Amino acid sequence: ALERAVEMGLDLVEIAPNADPPVCKIIDYGKLRYQQTKKEKESKKAQHQVKIKELKIKPNIDKHDLGIKINHARDFLEKGFKVRFTCTFRGREIVFADIGREVIETVCRALEDVSSIEAAPKLMGKNMSVTLAPGAKKGSEQRGDQSKS
């Protein structure tokens, strides 16, 4: 096989070394490598990476400021991004973690028509965060259809 490959001006390439007997092909090795890299690039193009946009808030945020953050989040969700709201507690604000939870729940209620909660609100250190994914839950869409009728 090696002599035949040399006669043809091509390479003898081992395709399946673990098979019994091993499988070989007489082909141009440079062309094979080119095709493999081309396939790898195509598969990378097909992958869709979801990016997370993070919006930071404080527990004592004003209604208007919160409304602006919610509008930004709505834009991100409509574009297909995931959104993470992080409520940061400074100093002794951590004692009133329930206020921060209420703010986060307000955000979740305001965005429930365009998103679904991916990760419930969690308190980690001095930060409480919730992750929202684009696309409303099936149940809330059905309820919305019934109210229009």
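K.L.:
Just to check I follow, could you spell out the environment of E54 for this structure?
P.N.:
Within the secondary structure, E54 sits in strand β3 (residues 52–57). Taking the C-alpha atoms as reference points, E54 and V130, separated by 76 residues in sequence, lie 9.9 Å from one another. Within the structure, the side chain of E54 is placed 2.5 Å from the side chain of T86, a separation counted as a polar contact.

K.L.:
What's the story with the confidence of the model for the chain in this structure? I'm lost.
P.N.:
Chain-level pLDDT for the chain is 85 on average; 91% of the residues reach the 70-or-more range. Contacts for the low-pLDDT stretch residues 139–149, under 50 throughout, to residues beyond four places or in other chains number two contacts.

K.L.:
Looking at this structure, how should I read the sheet that holds β3?
P.N.:
Sheet strands associate in pairs through backbone hydrogen bonding, adopting either a parallel or an antiparallel arrangement. Spatial ordering of the open sheet is given by β3-β4-β6-β5, a layout of four strands whose pairing is mixed. Each edge of the sheet is formed by a strand with only one pairing partner; in this case those strands are β3 and β5 (115–124). Direction aside, the axes of adjacent strands within the sheet are offset by 15° on average. Pairing geometry for β5 and strand β6 (residues 127–134), over seven bridges, is antiparallel. What sits directly across from M124, in β6, is N127.

K.L.:
Whenever I open this one, the packing of aromatic side chains confuses me. Can you help?
P.N.:
To describe a pair of aromatic rings, you give the distance between the ring centres and the angle between the ring planes. Considering all chains together, one arrives at one aromatic pair under this definition. Here F76 and F81 contribute two aromatic rings whose centre-to-centre distance is 6.3 Å and whose plane-to-plane angle is 90°, an arrangement assigned as edge-to-face.

K.L.:
Where do I start with the pattern of salt bridges in this structure?
P.N.:
Charged atoms that come close allow side chains of opposite charge to pair. Taken as a whole and judged by the stated rule, the model has three salt bridges. A salt bridge links K45 to E42, with the nearest nitrogen and oxygen atoms 3.9 Å apart. Of this pair, K45 and E42 both sit in helix α2 (residues 29–46), three residues apart, which is roughly one turn of that helix. Note on E42: relative accessible area 47%, which makes it partly exposed. Its salt-bridge partner being K82, residue E118 comes within 2.7 Å of it at the nearest N-O pair. With a gap of 36 residues between them, E118 in strand β5 and K82 in strand β4 (residues 82–88) connect regions that are remote in the sequence. Judged by its relative accessible area of 44%, E118 is partly exposed.

Cut-off values and rules
Residues numbered from 1 in each chain as written. Predicted model: local features only at pLDDT ≥ 70, side-chain atom pairs only at ≥ 80, totals over all residues. Heavy atoms only, no water. Helix = DSSP H or I, 4+ residues; strand = E, 2+ residues; numbered from the N terminus. Polar contact = N/O pair within 3.5 Å; in protein donor to acceptor, adjacent residues only side chain to side chain. pLDDT = per-residue confidence, 0-100. Contact = heavy atoms within 4.5 Å. Pairing = 2+ DSSP bridges. Axes fitted to C-alpha atoms, helices over the stretch in contact; angles between N-to-C directions. Phe/Tyr/Trp six-rings, centres within 6.5 Å; stacked < 30°, edge-to-face > 60°. Salt bridge = Lys/Arg side-chain N within 4 Å of Asp/Glu carboxyl O. Buried < 20%, exposed > 50% of the residue type's maximum accessible area, 1.4 Å probe, protein only.

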